[in-house]
Amino acid sequence: MKKIAVLTSGGDAPGMNAAIRAVVRVGIDKGLQVMGVRRGFSGLINGEIFEMDRHTVSDIIQRGGTILRTARCEEFKTEEGRKKAANVLKVFGIDGLVVIGGDGSFTGARLLSKLGVSTVGLPGTIDNDLSYTDYTIGFDTALNTVLDAINKLRDTSTSHERVSIVEVMGRHCGDIALYAGVAGGAESIIVPERDFNVDELCKTILSGRLKGKMHNLILLAEGVGGAEELAKHVEEMTGIETRATILGHIQRGGSPTAFDRVLASRMGAKAVDVLLEGKSSRVIGSKDGKIVDEDIDEALSIPRSFDEELYQIAISLS
Ligand code: F6P
C-alpha cells in the first residue's frame, strides 16, 4: 500500500473535514501518498483526483461541510459506472480508498471492493442510522444544532402558550428526535421506530394544561413526517394554538462539536491503519468507547436497533 485516496459521498455531515484531515495527515505520517477525490463517486468516475499534503488540510478541523464536496451519484449505481471508477483508480495507481459517508455510500464502497479495490468506510452522517457503530460523525453536532433551535422555540412557545412541533432529520431513524428530545426536555417524541397515536398526544397536551403546563414541545422525526398537518390536527382537537417548525438542512451545517472532531480524527487514523494492515471491505465504527473495524457486509446486515431504554426514560421525564 503506497498510495491511497479519500472521498466524501452522500449527504454532508459536520466532522467530515476533520476525518479527511486525519486520513491525510496520518497517511502521510505513515509514508503514504494521499490523494483527494472531489464530488464523491461522481468525481471518481470523472477522474477529479489531486494530491493532498499536510497543508491542504490546514484550517479545516473547525469547518462544517466537506472541502472535497460531495454528491449522490446515479452512474455509480450501475456496474458500468463502478467499472469506470475502478479503472480510474488503477490509472492513478491508487491502492486503497477511504469512503466517508452513510449507508448508501457504504453500499457503493462494498460493490467497488468486489471489483478488487481495497475500501474502508468511515460513517459520516448526521442520522446515526448505522447499527454497527454507536455514533456516526456529525450526529452530535446536529443534535446540538437542534437543541439550540429547541431552546429558542421554547422561549416563544412559552410566551404565547403554544404547542410547538419541531420536525428533525434522520431519514428512517429516530435518533436525532430521541436524543434532542431528551436533551431539550420535550413533552413528546415521535419516532418511526414506535407507534404513535394522535389522540393520546392530544390527551397528554390537555392534561398537561390542566396541571399548569403552559407550553408544549413535541419532537417529530422526519421518518414519521407531516409536521404541518399534525400541527393543524392538534390545534383542531385541543383548541390550543400550535405551530410547526421544520428545521431542514440547518441540521447539516455548522462547526463540528469537540465530540465529532475527536471521533472523526480517531476514525480517520484507524482507516489508514486498516488499509496498511492489508485489509479491505471494512468499515470503521465506535463500540463501547473503542474504535473498531468490521467487515462491511456484516456491518450492513446488522438490523437497526432502537434505544428503548432512553425512549422509556424520555416518557418518564415528560
Ligand atoms: O442522510 C442525511 C440527510 O440529511 C437525512 O437526514 C435527510 O433525509 C436527507 O439527508 C436529505 O437529503 P438531501 O440533502 O439530498 O435533501
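Being a predicted model, the structure only gives us computed values, none of them experimental.

**A short note on the site of the ligand**
Phase 1: Inspection of the region around the ligand gives Arg72, Thr125, Ile126, Asp127, Met169, Gly170, Arg171, Glu222, His249 and Arg252 as its neighbouring residues.
Phase 2: Arginine 171 is positioned with one of its side-chain polar atoms (N or O) 3.3 Å from an oxygen atom of the ligand.
Phase 3: For the ligand, the accessible surface in isolation is 400 Å², of which the surrounding protein chains cover 74%.
Phase 4: Of the residues contributing to the shell around the ligand, the split by class is two nonpolar, three polar and five charged.

**Digging into the packing of aromatic side chains**
Phase 1: In this structure the tally under the stated criterion is six aromatic pairs.
Phase 2: Centroid distance phenylalanine 41 to phenylalanine 76: 3.9 Å. Interplanar angle 5°. Geometry classified as stacked. Placement of the pair is phenylalanine 41 in helix α2 (residues 40–45) and phenylalanine 76 in the loop between β3 (49–52) and α3 (79–91), with a sequence separation of 35 residues. Judged on exposure class, the residue phenylalanine 41 and its partner phenylalanine 76 are both buried.

**A word on unusual backbone geometry**
Across residues other than glycine, the phi torsion is negative in most instances, and most of the peptide bonds are trans.
Phase 1: Notably, aspartate 59 is not glycine yet its phi reads approximately 65°, a positive angle.
Phase 2: Of note, aspartate 59 is situated in the loop between β3 and α3.
Phase 3: Classification of aspartate 59 by relative accessible area gives exposed; the value is 58%.
Phase 4: Despite not being glycine, serine 281 has its phi angle at roughly 60°, a positive value.
Phase 5: Following the sequence through the fold, serine 281 ends up in the loop between α9 (258–276) and β10 (282–287).
Phase 6: Among the residues examined, serine 281 registers a relative accessible area of 14% and is labelled buried.

**A closer look at the packing of helix α5 (residues 139–160) against helix α6 (residues 175–184)**
Phase 1: Where α5 meets α6, the axes come as close as 9 Å, and the angle between the chain directions of the two elements is 50°. Viewed along their axes, α5 and α6 adopt a mutual orientation that is oblique. For α5 against α6, the interelement crossing comes out right-handed. Along its contact with α5, which presents Phe139, Leu143, Val146, Leu147, Ile150 and Arg154, the element α6 presents Asp175, Ile176, Tyr179, Ala180, Ala183 and Gly184.
Phase 2: Each residue belonging to the contact of α5 with α6 can be placed in one class, and the counts come to nine nonpolar, one polar and two charged.

**Describing the sheet that holds strand β9 (residues 242–246)**
Phase 1: Strand order in this open sheet of four strands is β7-β8-β6-β9, and the pairing throughout is parallel. In this open sheet, the two strands that pair with only one neighbour each are β7 (188–190) and β9. The sheet shows a mean angle of 20° between the axes of neighbouring strands, direction not considered.
Phase 2: Both strand β6 (residues 163–168) and strand β8 (residues 216–221) contribute to a ladder of six bridges, which runs parallel. Note on β8: the bridge partner recorded for glutamate 167 is leucine 220.

**What about the domain arrangement of the protein?**
For interface size, the figure often reported is the accessible area lost on association.
Phase 1: Each assigned domain of the protein is listed here: domain 1 (3–138 + 256–301) and domain 2 (139–252).
Phase 2: In this structure, domain 1 and domain 2 have C-alpha centres spaced 34 Å apart.
Phase 3: Between domain 1 and domain 2 lies a buried interface of about 1,300 Å² when both sides are counted; carbon and sulfur atoms form 50% of it.
Phase 4: If you sort the residues of domain 1 by the area they bury against domain 2, Ile126, Asp127 and Asn128 come out on top, with a joint share of 42%.
Phase 5: Across the salt bridge formed by aspartate 127 and arginine 171, the nearest N and O atoms sit 3.8 Å from each other.
Phase 6: Linking domain 1 to domain 2 there are 10 residue pairs in polar contact (both at pLDDT 80 or more).
Phase 7: Its residues assigned to classes, the side of domain 1 that touches domain 2 shows seven nonpolar, six polar and five charged.

**Examining α6**
Phase 1: Judged by how many residues are buried, α6 sits mostly within the fold: seven of 10 residues are covered.
Phase 2: Regarding α6, the residues found buried are Asp175, Ile176, Ala177, Leu178, Ala180, Gly181 and Gly184.
Phase 3: Looking one or two places after α6, you find glycine 185, whose phi comes out positive at around 70°.

**Remarks on the side chain of arginine 82**
Phase 1: You can see arginine 82 is positioned in helix α3.
Phase 2: Those residues in contact with arginine 82, other than ones at most four positions away along the chain, are Phe76, Lys77, Leu111, Leu112 and Leu115.

**Description of the sheet that holds strand β5 (residues 118–123)**
By definition, the strands of a sheet pair up through backbone hydrogen bonds, in either a parallel or an antiparallel sense.
Phase 1: In spatial order, the strands read β3-β2-β1-β4-β5-β10-β11; together these seven strands make up an open sheet with mixed pairing. Edge positions in the sheet fall to β3 and β11 (290–295), since each of these pairs with one other strand and no more. Recorded for the sheet is a direction-independent mean angle of 30° between the axes of neighbouring strands.
Phase 2: One ladder, built from two bridges, connects β5 with β10; its direction is parallel. Note on β10: the bridge partner recorded for valine 120 is arginine 282.

**Overview of the side chain of serine 118**
Phase 1: Among the structural elements, serine 118 can be located in strand β5.
Phase 2: Those residues in contact with serine 118 that sit more than four places away from it in its chain are Met1, Asp95, Gly96, Leu97, Leu275, Lys279 and Ser280.

Procedures and definitions
- Residues numbered from 1 in each chain as written.
- Predicted model: local features only at pLDDT ≥ 70, side-chain atom pairs only at ≥ 80, totals over all residues.
- Heavy atoms only, no water.
- Near = heavy atom within 4 Å.
- Polar contact = N/O pair within 3.5 Å; in protein donor to acceptor, adjacent residues only side chain to side chain.
- Areas by Shrake-Rupley, 256 points an atom, 1.4 Å probe, with all protein chains shown as cover.
- Nonpolar A, V, L, I, M, F, W, Y, C, P; charged D, E, K, R; others polar.
- Phe/Tyr/Trp six-rings, centres within 6.5 Å; stacked < 30°, edge-to-face > 60°.
- Helix = DSSP H or I, 4+ residues; strand = E, 2+ residues; numbered from the N terminus.
- Buried < 20%, exposed > 50% of the residue type's maximum accessible area, 1.4 Å probe, protein only.
- Axes fitted to C-alpha atoms, helices over the stretch in contact; angles between N-to-C directions.
- Parallel < 35°, antiparallel > 145°, perpendicular 65-115°, else oblique.
- Left-handed = near helix turned anticlockwise from the far one by under 90°.
- Contact = heavy atoms within 4.5 Å.
- Pairing = 2+ DSSP bridges.
- Domains from an automatic or database assignment.
- Buried area = accessible area lost by both parts, 1.4 Å probe.
- Salt bridge = Lys/Arg side-chain N within 4 Å of Asp/Glu carboxyl O.

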